[in-house]
Amino acid sequence: MNELKLNGKFSYPPLGAGGLYFIGIGGIGMSAIARFFFASGMRVSGYDKTATVLTKELEASGIAVHYDENVELIPKKVDLVVYTPAIPEEHKELAYYRQNGYKVVKRSDVLQIITASSFNICIAGTHGKTTITTMVAHLLRDSGFGCNAFLGGIAVNYGTNFWSSEKNVCVIEADEYDRSFLKLSPDMAIITAMDADHLDIYGTAEAMEQAFIDFAGKVKPGGLVVGKFGLERTKELKTQNYLSYSLQNESADVYAANIRMMNGSYEFDVMMSGRTPLEKNNMLDNVKLNMGGMHNVENAVAAIAVASSLGIENDKIKAAVENFRGVKRRFEYIIKNDRIVFVDDYAHHPEELRALINGAKALFRQKKCTVIFQPHLYSRTRDLADGFAEALDLADEVILLPIYPARELPITGVSSEMILERMQNENRQVLEKDNITDWIEHVYKKELNREFGAVLITAGAGDIDMMVEPIKNILNDV
């Protein structure tokens, strides 16, 4: 690894006094970059379609945000306009800036510029990447190693998806959508999964897998690729130093052993093979993770592998893992007591839902598990309806909300009923979002099993998170 860059001071190309304007500033990736420039003393403002918890936080910090697609409201003196691929080409503000000669770039282009000369740890994958990115960034920050962090979620420890450091190290969530991650220059790359997704962009599962192989190929000479054990086409990923990780498979280079579950937390040992860049036959014993879901033990194994590869001492790694409080909307405990466990999660892919539901049922075996799921995107629902149905059938009860469209227009014949019709579980229904709180108050709450308790999960990548606080308020007195 490049020691000069690793130990140098972090810097970035300066901009003029006009500052930056973000179209789609409320996106989790966009907001992290907006916070970066704002923290650097630059003028930052932006537009988003609707107000959210995230945009309100940006406004509270001093960043101007408006919600009306109106060229009269946008700044005319601006050095750089940044937009997310989720913004349609015909968006009035985007069209104005393009037609009037402004410099207009995608979010991925800006991230490429920011990190052009830094030591970059980039985490990619169709699921798990946000948690692992946040874990890695936290391990580096908590241990005193230091890093700049560009996260795809809100770290509960710090209440933000971005933080800065003078250390010339960046931890970056590498987004596969729109092939954005191919603009990055990793020194270390983690690949968590290459399951079929974003087929509206890639066309085929094979084309998507190839993009991940290309991403691994961008790792700088002497760098490290860390891949989940059993990934498809692993041989094509092993272009340089390669390290495999697993939950418990002893054939992997790094894996967990002796896993113990205790009241929603885990204790385990991390075994590190002598076949790796890590210390030979190294073991971290009695690592404690205060986060639900067995899949998060596996995520922690990947993050620990990175931290150990960077030379961070074992005792500092263990302390940092124990201090990790999780990621907003990643197996996040909203309520946790003997009667009710309420978990909120961003899961929006069948494999994520499978891991989420299995994790909850393993931790709370006697409790009835109810899932309220909001499908995200018409195209994803169409392409993966069978997988969603199979995963949701693992729950005891399922409430489906209508599809959250995000950037898409409706597709004829595609709705949440596509999933419902494929499910085997008879305890299922589709409800409008506006009816959820009434259902919680008048049906779910009254049917709770007081002896064994219950688990309620809200899941999805749309706006279902806006329901969390109202549901919490209803269930607080259970």
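Nothing here was measured: the structure is a model prediction, and the numbers come from that model.

A. Here's a closer look at the overall build of the protein. From N to C terminus, the protein includes 16 helices and 21 strands. Taking 478 residues into account, the globule formula puts the C-alpha radius of gyration at 23 Å, and the protein, at 22 Å, falls close to it. Counting only C-alpha atoms and orienting by the principal axes, one finds that the protein spans roughly 60 × 60 × 40 Å. In the protein, which comprises 478 residues, the share counted as buried stands at 56%. Side-chain charges of the protein comprise 51 positive and 63 negative groups, with the mean position of each set lying 4 Å from the other.

B. Quick peek at a negative patch on the surface. Together, Glu417, Glu421, Glu432 and Asp434 make up a negatively charged patch on the protein surface. Tracing the backbone through its elements, the reader meets Asp434 in the loop between β20 (428–430) and α15 (436–444).

C. Spotlight on the sheet that holds strand β13 (residues 254–262). Strand order in the open sheet made by the 10 strands is β8-β7-β9-β6-β10-β11-β12-β13-β14-β15, with mixed pairing throughout. The open sheet terminates on both sides in strands that have one partner only, identified here as β8 (160–163) and β15 (283–289). Between one strand and the next, the sheet's axes are offset by a mean angle of 20 degrees, whatever the strand orientation. Pairing between strand β11 (residues 224–228) and strand β12 (residues 241–246): five bridges, direction parallel. Pairing of Val226 across the sheet is with Leu243, part of β12.

D. How the structure looks around the sheet that holds strand β17 (residues 340–345). Overall, mixed pairing links the six strands, which are arranged β16-β17-β21-β18-β19-β20 in an open sheet. Here the strands that pair on one side only, and so sit at the sheet edges, are β16 (332–336) and β20. The sheet shows a mean angle of 15 degrees between the axes of neighbouring strands, taken without regard to direction. Relative to β17, β16 runs antiparallel, the two sharing four bridges. Paired with Ile335 across the two strands is Phe342, which belongs to β17. On top of the sheet, α15 reaches β17, β18 (368–373), β19 (397–400), β20 and β21 (454–459); it is set at about 165 degrees to β18, its chief contact. On the sheet, helix α16 (residues 468–475) packs against β16, β17, β18 and β21 and is oriented at approximately 180 degrees with respect to β17.

E. Structural view of helix α12 (residues 350–363). In this model, α12 (14 residues) spans 20 Å end to end at C-alpha, consistent with the 20 Å of a helix rising 1.5 Å per residue. Every buried residue belonging to α12 is among Pro350, Glu352, Leu353, Leu356, Ile357, Gly359, Ala360 and Leu363, and all of these are buried.

F. How the structure looks around α15. Listing the buried residues of α15 in full gives Ile436, Trp439, Ile440 and Tyr444. Along α15, the residues classed as buried sweep out an arc of 100 degrees about the axis, all on the same side. Looking at the buried side of α15, the elements it contacts are β17, β18, β19, β20, β21 and α16.

G. Here's a closer look at the environment of Glu352. Looking at the element boundaries, Glu352 is found in helix α12. The class of Glu352 is buried, set by a relative accessible area of 14%. It is 16 Å that separates the C-alpha atoms of Glu352 and Leu231, two residues lying 121 residues apart in sequence. Dropping the residues within four chain positions of it, Glu352 is found in contact with Thr126, His127, Gly128, Tyr346 and Ala347.

H. Molecular detail of the side chain of Asp187. Tracing the backbone through its elements, the reader meets Asp187 in the loop between β9 (169–173) and β10 (188–191). Among the polar contacts listed, one links the side chain of Asp187 to the side chain of Lys220, at a separation of 2.9 Å. Setting aside residues no more than four positions away along its own chain, Asp187 makes contact with Ser118, Phe119, Asn120, Val219, Lys220, Gly223 and Leu224.

I. Representation of the nonpolar core within the structure. Ranked by size, the top nonpolar core spans 83 residues in total, and within it Ile121, Leu140, Phe268 and Leu392 carry the most contacts. Top element by residues in this core is helix α10 (residues 294–309). It accounts for nine residues. Once residues lying within four places of it in the same chain are set aside, the contact partners of Ile121 are Val136, Leu140, Val169, Cys170, Val171, Ile172, Met188, Val306 and Leu310. By size, the runner-up hydrophobic cluster in this structure holds 44 residues, among which are Met30, Leu184, Ile191 and Phe215.

J. Representation of the packing of aromatic side chains. One pass over the structure, following the stated rule, counts 15 aromatic pairs. Here the aromatic residues Tyr21, Tyr96, Tyr97 and Tyr102 are joined through ring pairs into a cluster of three or more. Above the plane of the ring of Tyr158 lies Arg141, whose end atom (NZ or CZ) is 3.8 Å from the centre.

K. Representation of the packing of helix α2 (residues 28–39) against helix α3 (residues 53–61). Where α2 contacts α3, the two axes come as close as 11 Å, and the packing angle between them is 10 degrees. Put simply, α2 runs roughly parallel to α3. From α2, Ile28, Ser31, Arg35 and Phe38 reach across to α3, where they touch Leu54, Glu57, Leu58 and Ser61. The class makeup of the residues in the contact of α2 with α3 is four nonpolar, two polar and two charged.

L. Representation of the environment of Ile172. Turning to its location among the elements, Ile172 is positioned in strand β9. Take Ile172: its relative accessible area is 0%, and that puts it in the buried class. Taking the C-alpha atoms as reference points, Ile172 and Pro85, separated by 87 residues in sequence, lie 18 Å from one another.

Criteria and cut-off values
- Residues numbered from 1 in each chain as written.
- Predicted model: local features only at pLDDT ≥ 70, side-chain atom pairs only at ≥ 80, totals over all residues.
- Heavy atoms only, no water.
- Helix = DSSP H or I, 4+ residues; strand = E, 2+ residues; numbered from the N terminus.
- Rg over C-alpha atoms; globule rule 2.2 N^0.38 Å.
- Buried < 20%, exposed > 50% of the residue type's maximum accessible area, 1.4 Å probe, protein only.
- Lys, Arg positive; Asp, Glu negative; His and termini not counted.
- Charge placed at Lys NZ, Arg CZ, Asp CG, Glu CD.
- Patch = residues over 30% accessible without salt bridge, like charges linked within 9 Å, V, L, I, M, F, W, Y side chains within 5 Å.
- Areas by Shrake-Rupley, 256 points an atom, 1.4 Å probe, with all protein chains shown as cover.
- Salt bridge = Lys/Arg side-chain N within 4 Å of Asp/Glu carboxyl O.
- Pairing = 2+ DSSP bridges.
- Axes fitted to C-alpha atoms, helices over the stretch in contact; angles between N-to-C directions.
- Contact = heavy atoms within 4.5 Å.
- Expected span 1.5 Å × (residues − 1).
- Arc of directions from axis to C-beta.
- Polar contact = N/O pair within 3.5 Å; in protein donor to acceptor, adjacent residues only side chain to side chain.
- Core = buried A, V, L, I, M, F, W, Y, C linked by side-chain atoms within 4.5 Å.
- Phe/Tyr/Trp six-rings, centres within 6.5 Å; stacked < 30°, edge-to-face > 60°.
- Lys NZ or Arg CZ within 6 Å of the ring centre and 35° of its normal.
- Parallel < 35°, antiparallel > 145°, perpendicular 65-115°, else oblique.
- Nonpolar A, V, L, I, M, F, W, Y, C, P; charged D, E, K, R; others polar.

As far as function goes, none of this settles anything; it's purely spatial.
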